[in-house]
Amino acid sequence: MKCTNCGKEIDNDSNYCEYCGTKQNITENTPSGFVDLGLPSGTLWAKENEIGYYNYYTAVQKFGNKLPTKDMCEELKNLCRWYKTRNGVNIVGPNGESIDLPCIGYRDREGNVNNASYAYYWTSTPVNSSNAWLLRFPGKTNDTRYLLPPLNSLNTDRVHIDTGAWFHELSVRLVKR
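Residues numbered from 1 in each chain as written. Predicted model: local features only at pLDDT ≥ 70, side-chain atom pairs only at ≥ 80, totals over all residues. Heavy atoms only, no water.

## Here's the deal with the pairing of strand β9 (residues 131–138)
- Burial of β9 is extensive: 6 of the 8 residues sit out of reach of the surface.
- In this structure, strand β8 (residues 118–126) lies alongside β9, joined through 6 bridges in antiparallel fashion. When the sheet's bridge partners are listed, Y120 is paired in β9 with R136.
- Here β8 hands over to β9 after 4 residues, the two strands then running antiparallel side by side. (Buried < 20%, exposed > 50% of the residue type's maximum accessible area, 1.4 Å probe, protein only. Helix = DSSP H or I, 4+ residues; strand = E, 2+ residues; numbered from the N terminus. Pairing = 2+ DSSP bridges.)

As structure tokens, this is what we get:
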């Protein structure tokens, strides 16, 4: 992990930074497979996506409150640094810890994978009986109009909290509240 003060790499179980001496805010109960990004809500984000694509109702039925809410996605967008990677984005939290979200598009009613230059992730928050909120951002593309800003930029203008039709099958990233 990285020191919360100086940013240098230290042992994951260190209570104090060996370089600057700062006491670390270690969450001893962080479950395996999840990352504490240091967000004010205390939300822990899974290290990896669930395998496959899910329509909204299947995702809610299977994962329930393990899906992030719209507010959790807005917190992720607004309080983290987003960096483009080869296959999606790396999201760095206020405490220096990070997660990668791959960009694998979505699957339509016919089972075709579409728009793999974007990433789409369900939230648990419905809009109405046929739409729900989702997290969407550009990923794999050669079109520079759709790329995230360069490294070290805090601009997340290309990251959106949008609505999507329940029948689209999207990626799922779980959280712990």
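## Structural notes on the confidence of the model for the chain
- Looking at the chain as a whole, its pLDDT mean stands at 84, while 83% of the residues score no less than 70.
- Across residues 143–147 the pLDDT falls below 50, and counting only partners more than four positions away or on other chains, this stretch makes 9 contacts in the model.
- Per-residue pLDDT stays below 50 along residues 150–154; that stretch engages in 4 contacts with residues further than four places along the chain or on separate chains. (pLDDT = per-residue confidence, 0-100. Contact = heavy atoms within 4.5 Å.)

## Comments concerning the sheet that holds strand β1 (residues 34–36)
- With respect to topology, 3 strands assemble into an open sheet ordered β1-β2-β11, the strand pairing being antiparallel. Looking at strand neighbours, the two that pair on one side only are β1 and β11 (175–176), the edges of this open sheet.
- Examined bridge by bridge, β1 and strand β2 (residues 44–46) share 3 bridges and lie antiparallel to one another. Counterpart to D36 in the pairing with β2 is L44.

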